[in-house]
Amino acid sequence: MAFPQQALPPGTRFVRLLWTDIAGLRRCRVVPASAWKGTPDEPHFTPLAVNLAEVCVSLQTLEDAPAWPASLRPLHAACMAPGTGAAVVPLGPSCPGHALVACDLMEPDPAGLRGQNYVQSLPTCPRRALVRAEAGLLGAAALKVEVGFEIEFRLLARPGAGAGAGGHAAAGPATYALASTLDAAAPILDAIVDGCAGAGIRVLQYHGESGTGAFELVTGHAPPVEAVDTLLYTRTIISSVAAAHGYGVTFAPKPSPDEAGLGAHAHLSLWEVDGSPDGVNLTAPGCSAGPARPGPADSRGASFMAGILNRLDGLLALTAGSPSSFARIQPGAWAGANQQWGGEED
């Protein structure tokens, strides 16, 4: 098995290899472009594989100590490699010469060889788990899921740069979508959108959020693996652009105890793959539950949503990977603290 490896964007000098650990944190290593030795259709192609101990997948959110799940092999040899189907995108003008690629975590074949013989998915690799889930749904039921994200973040002023209370940016919305305070941050936000466009990421809108220096950026929908890769790229672009403008950024669920937190709202829809270019949206609005309880017109879409609601408490183990997540998911904190669904929610 040769890892899929695309040509690098023109002018690339360094490649950031991105992965997500089991706590949902975005991590990376950087290799020079010279390590990216061609593409599979070129002579003497050598797939890129960077060694990584399996323990790195289970580091805790607040310290560099492993969570020690029962299945973890802390010193087990593993590697990270450009992910199956992952796009290689430029980071943009905020950091010229850097490119991004989402990675799969692999382990050696039974012979213990290296390089292209890292052929098995690491059991603890979150991206490969999502690849399997996406393929399983398509193969078992001819269904697919589309995902779009609302990415919330907070700009933080550097020390001595006019920081407000708690180190937050002095300028920027303090209440939701307040037009009068958007102008000071507009150059940063515009540069973020431009960086996303250069990486092929479709941005639908941005606006101020509740909280000092808080903003939201909304991306278009895509299949799950592509959508999560895009989420990683977009957050990296946001951080890079903010740094280029002299700001820090946080995506922490509850950066301030007395203000609304930050979310990463996932918009899900279920589609039947029927041979048409787009398929059939099974979660489109309808009245399958009766006029008093509007729901998807298709019973499969209704069952899909009912299953999510039924398992919502257990899903918190995947969607709330930080202790501060639970400080955010509280009544009156602009977060989904209840197990419910509204028929006219957007």
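Above this note sits the structure.
This structure is a prediction, so every number in the text was calculated from the model and none was measured. (Residues numbered from 1 in each chain as written. Predicted model: local features only at pLDDT ≥ 70, side-chain atom pairs only at ≥ 80, totals over all residues. Heavy atoms only, no water.)

Caption draft 1: Seen up close, the overall build of the protein. Looking only at helices and strands, one finds six helices and 15 strands in the protein. Taken over 346 residues, the protein has a buried fraction of 42%. Pairs at least 24 apart in sequence give 63% of the contacts found in the protein among residues at least 6 apart. (Helix = DSSP H or I, 4+ residues; strand = E, 2+ residues; numbered from the N terminus. Buried < 20%, exposed > 50% of the residue type's maximum accessible area, 1.4 Å probe, protein only. Contact = heavy atoms within 4.5 Å.)

Caption draft 2: Summary view of the packing of helix α4 (residues 299-310) against helix α5 (residues 312-319). Two numbers describe how α4 lies on α5: the axes approach to 5 Å, and their chain directions differ by 75 degrees. By the angle between their axes, α4 is roughly perpendicular relative to α5. On α5, the residues that touch I308, L309 and N310 of α4 are L312, D313 and L315. Residues that form the contact of α4 with α5 fall into these classes: four nonpolar, one polar and one charged. (Axes fitted to C-alpha atoms, helices over the stretch in contact; angles between N-to-C directions. Parallel < 35°, antiparallel > 145°, perpendicular 65-115°, else oblique. Nonpolar A, V, L, I, M, F, W, Y, C, P; charged D, E, K, R; others polar.)

Caption draft 3: Focus on the packing of aromatic side chains. For the structure on display, the rule yields two aromatic pairs. In textbook terms, an aromatic cluster arises when at least three aromatic residues are bridged by ring pairs, as seen for F153, F215 and F251. One residue, K144, lies across the ring of W271, its end atom 5.9 Å from the ring centre. (Phe/Tyr/Trp six-rings, centres within 6.5 Å; stacked < 30°, edge-to-face > 60°. Lys NZ or Arg CZ within 6 Å of the ring centre and 35° of its normal.)

Caption draft 4: Summary view of unusual backbone geometry. The phi dihedral of A142 is positive, around 55 degrees, even though this residue is not glycine. Its place among the elements puts A142 in the loop between α1 (126-141) and β8 (143-157). Its identity is not glycine, yet A177 carries a phi of approximately 55 degrees, on the positive side. Note that A177 resides in the loop between β8 and α2 (186-198). Of the residues examined, A177 reaches a relative accessible area of 38% and is grouped as partly exposed.

Caption draft 5: Representation of the packing of α2 against helix α3 (residues 224-244). Their axes nearest at 9 Å, the elements α2 and α3 cross at an angle of 140 degrees. On the basis of their axis angle, the class for α2 and α3 is oblique. As α2 packs across α3, the resulting crossing turns out to be right-handed. Judged by residue contacts, I188, A191, I192, G195 and C196 of α2 engage T234, I237, I238, V241 and A242 from α3. Across the contact of α2 with α3, the residue classes break down as eight nonpolar, two polar and no charged. (Left-handed = near helix turned anticlockwise from the far one by under 90°.)

Caption draft 6: Representation of α2. The terminal C-alpha atoms of α2, which comprises 13 residues, lie 18 Å apart, in line with the 18 Å expected from a rise of 1.5 Å per residue. Among the residues of α2, those classed as buried are A186, I188, L189, I192, G195 and C196. Among the structural elements, β8, β9 (203-208), β10 (214-219), α3 and β11 (247-250) are those in contact with the buried residues of α2. Where α2 ends, the next residue or the one after it, G200, has phi of about 80 degrees, a positive value. (Expected span 1.5 Å × (residues − 1).)

Caption draft 7: Looking closely at the pairing of strand β6 (residues 98-107). Within β6, ten of the ten residues are buried, leaving the element largely enclosed by the surrounding structure. Here β6 shows no split at all, with H98, L100, A102, D104 and M106 on one side and A99, V101, C103, L105 and E107 on the other all buried. Examined bridge by bridge, strand β1 (residues 14-20) and β6 share five bridges and lie parallel to one another. For V15, the partnering residue across the bridge sits in β6 and is A99. Bridge analysis of strand β5 (residues 88-90) against β6 gives three bridges, and the strand direction is antiparallel. When the bridges of β6 are listed, P90 appears paired with A99. (Pairing = 2+ DSSP bridges.)

Spatial relationships are all this shows, so hold off on functional conclusions.
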